[in-house]
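Spelled out from the first residue to the last, the chains are:
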Amino acid sequence: MGWRALRPYLAAASVVGLLVLAGVVALSHSDAPVGGAPPVSGSPTPGVTPTPHSTTTQSSEPTKDPVTTEIERLRAAARVAPGPPGRRITGDFSQQPDLYAAEFVRRLLTQDYRTSRAEHLAWVQSEAAQTSEPLVIGLVPKELRDHLAVYSVTDAVSQPPAVLGQNEWTALGLQDAYTTVRIEGVTEPMAWSTAVSSGRISDPGITGREVAAAVTLHYRKEGKAVTSTSSVAMTLNIQGPPTRASWGFVTAVTYSSLAVSAS
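Presented here is an overview of the structure given in this document. Small disclaimer: the values here were computed from a predicted structure and weren't measured.

### Some points on helix α3 (residues 97-109)
Because an α-helix packs 3.6 residues into every turn, residues spaced three or four apart end up facing the same way. When the terminal C-alpha atoms of α3 are compared, their 18 Å separation across 13 residues agrees well with the 18 Å that a helix rising 1.5 Å per residue should span. Along α3, the residues classified as buried are Pro97, Tyr100, Ala101, Ala102, Glu103, Phe104, Val105, Leu108 and Leu109. On its buried side, α3 packs onto α4 (117-126), α6 (148-154), β1 (178-187), β2 (206-221), β3 (224-239) and β4 (248-262). Near the N-terminus of α3, the side chain that reaches the backbone nitrogen of aspartate 98, with its oxygen 2.7 Å away, is that of glutamine 96.

Quick look at the structure:
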């Protein structure tokens with residue numbers, strides 16, 4: 001069970017929810033996720049199978065509660081140092097929430113598997129921002145909150161995350177794979193608007209957005225260039241004025257993808 005399945009506000013979507021870990025109350029949807037594997041999962045690519053994060057085994061030991069398990073996963077996740085400041089989102093994109101959300105998702109999902117995954121994650125960490133909003137940070141321990149941004153785009157159990165693991169990244173790189181992204185729209189989720197209007201959001205700098213995009217995976221199959229395109233929806237929390245000078249990424253809340261074409 002991944003951390004996205006531990007959000008209480010998702011009960012209406014038939015998702016088991018036990019822990020507010022990131023953007024929980026505000027960004028959750030009442031509809032079911034789009035579903036499907038992410039466009040960079042390698043599903044259309046021969047020989048690339050995402051590695052499961054966990055397997056179910058019989059054990060006589062007491063089962064840990066999901067809250068404890070998820071915090072342990074976050075605590076054990078690899079720490080990532082920020083990348084060069086020169087790669088950060090700047091200009092108009094950093095000053096308006098819709099523009100920032102769109103540009104962040106575009107850059108996040110534009111992945112060249114022939115290059116370093118570590119550098120891509122370092123860029124994510126350089127965009128990381130923190131919030132004091134209880135409905136966003138929930139039960140995340142204070143000492144772990146600065147790791148939440150990268151964790152939210154790399155950790156998953158039921159489906160591959162927005163940024164694949166190192167093994168999958170390397171395997172795709174051997175097939176000269178990379179992605180291109182077209183942003184199709186940015187909206188403020190109704191659940192977030194409702195939470196704000198009802199006075200449940202106390203941090204004036206936090207907001208939520210949903211970004212829709214078409215992501216095309218390019219790779220080589222038997223020496224031929226082929227592509228696979230997926231429709232992606234991602235909801236995220238971002239933090240900006242008046243609590244910080246420019247917008248930054250707090251956490252990915254949902255990430256879903258549906259394959260729509262291949263050539």
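### Re the pattern of salt bridges
The tally for this structure, following the rule as stated, stands at ten salt bridges. When the shortest N-O distance is used, the salt bridge between glutamate 143 and arginine 75 registers 3.3 Å. Here glutamate 143 is found in the loop between α5 (134-137) and α6, whereas its partner arginine 75 is found in helix α2 (residues 66-76), with 68 residues between them in sequence. A salt bridge links arginine 106 to glutamate 103, with the shortest nitrogen-to-oxygen separation between them at 2.8 Å. Taken together, the residues arginine 106 and glutamate 103, both in helix α3 and three residues apart, mark about one turn of the helix. Judged by relative accessible area, which is 32%, arginine 106 ranks as partly exposed. Three or more residues are tied together by salt bridges with common partners; here these are Glu70, Arg73 and Asp155.

Cut-off values and rules
Residues numbered from 1 in each chain as written. Predicted model: local features only at pLDDT ≥ 70, side-chain atom pairs only at ≥ 80, totals over all residues. Heavy atoms only, no water. Helix = DSSP H or I, 4+ residues; strand = E, 2+ residues; numbered from the N terminus. Expected span 1.5 Å × (residues − 1). Buried < 20%, exposed > 50% of the residue type's maximum accessible area, 1.4 Å probe, protein only. Contact = heavy atoms within 4.5 Å. Polar contact = N/O pair within 3.5 Å; in protein donor to acceptor, adjacent residues only side chain to side chain. Salt bridge = Lys/Arg side-chain N within 4 Å of Asp/Glu carboxyl O.

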